[in-house]
Amino acid sequence: LLSSCAPYAERNVYFSFTPEDSLRKIRDTYTIDKEKTARYDAIYLLSEERIDHAGGRNRWYFQEHHKLRYIVLKPHEEWVSTFKVSTKKHSSLINAMISVISPDGKTHIYNRSDLHFESSSDGSATWKLAYADVQAGSLIEESYIIETEPFKAPPLSHDIRLQPSVPCDKMVLQYNVPSWW
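Residues numbered from 1 in each chain as written. Predicted model: local features only at pLDDT ≥ 70, side-chain atom pairs only at ≥ 80, totals over all residues. Heavy atoms only, no water.

(A) Local environment of the overall build of the chain. Counting secondary structure elements, the chain contains two helices and ten strands. Residues classed as buried in the chain amount to 40% of the 181 residues present. When contacts within the chain are restricted to residue pairs at least 6 apart in sequence, long-range pairs at least 24 apart make up 77% of them. For the chain, the accessible area works out to roughly 10,400 Å², and carbon and sulfur atoms hold 49% of it. (Helix = DSSP H or I, 4+ residues; strand = E, 2+ residues; numbered from the N terminus. Buried < 20%, exposed > 50% of the residue type's maximum accessible area, 1.4 Å probe, protein only. Contact = heavy atoms within 4.5 Å. Areas by Shrake-Rupley, 256 points an atom, 1.4 Å probe, with all protein chains shown as cover.)

Listed below in structure tokens is the structure:
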């Protein structure tokens, strides 16, 4: 767990996405132990979450940065061949980048404009996408940012998944808050 503080937390908006060439190298050098992984749908190579609180005493900003990189083992399973993100009322998906690299090297790159948007009467929303050409051995990286509208009091309760249902090589959690907390 990495936590950082600053006297006044400025809005630090950056979007982290791995270049396609680097993803290809990762996919080409990763070896899968079929005996150990036979019961899983995928293997997480990286699960990264960053929570940013920023602002001053009268105005607050809150963002969640998510990155998930995985190798598909069972492409027929819906969750490994689709992207789905839901947001609560007063929150929005502000950016998304997704790479799907098939074992034969074919690459599909998607962004927020490629996602199907559905809103609900309670103010929540869902963004969805079914990936093209997902096969066993495909490498998928999903990066996205959810931002909550500026408000006066920051959210202090967070659901953070620390035990995924598939093997995970590396998990990173970063929680950024102002030092005056």
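Continuing now.
(B) Expanded view of the sheet that holds strand 4 (residues 82-87). Read from one edge of the open sheet, three strands run 4-8-7, paired in antiparallel fashion. Looking at the sheet topology across the chains shown, the edges are occupied by strand 4 and strand 7 (116-119). Sheet twist, expressed as the mean angle between neighbouring strand axes with direction ignored, is 15°. (Pairing = 2+ DSSP bridges. Axes fitted to C-alpha atoms, helices over the stretch in contact; angles between N-to-C directions.)

(C) Broad picture of the packing of aromatic side chains. Under the definition given, this model contains six aromatic pairs. When the ring of Phe83 is compared with that of Tyr144, the centres are 5.6 Å apart and the planes differ by 80°; the resulting orientation is edge-to-face. Residue Phe83 is found in strand 4, and its partner Tyr144 is found in strand 9 (residues 139-151); the two are separated by 61 residues along the sequence. Look at Phe117 and Trp127: their rings are 5.0 Å apart centre to centre, the planes differ by 55°, and that puts the pair in the tilted class. Remark: Trp127 occurs in strand 8 (residues 125-130) and Phe117 occurs in strand 7; sequence separation between them is ten residues. Taken together, Tyr44, Tyr70 and Trp79 form an aromatic cluster joined through their ring pairs. (Phe/Tyr/Trp six-rings, centres within 6.5 Å; stacked < 30°, edge-to-face > 60°.)

(D) Representation of the pattern of salt bridges. Scanning all chains against the criterion turns up four salt bridges. Salt-bridge contacts for Asp52 lead to Arg50; the nearest nitrogen and oxygen are separated by 2.8 Å. For Asp52, a relative accessible area of 8% gives the class buried. Judged by its relative accessible area of 6%, Arg50 falls in the buried class. As a salt-bridge pair, Arg69 and Glu141 come within 2.7 Å of each other at their nearest N and O atoms. Of this pair, Arg69 sits in strand 3 (residues 60-72) while Glu141 is found in strand 9, placing the two residues 72 residues apart along the sequence. The buried category is assigned to Arg69, whose relative accessible area is 12%. (Salt bridge = Lys/Arg side-chain N within 4 Å of Asp/Glu carboxyl O.)

Interpretation in functional terms is not warranted from these geometric data alone.
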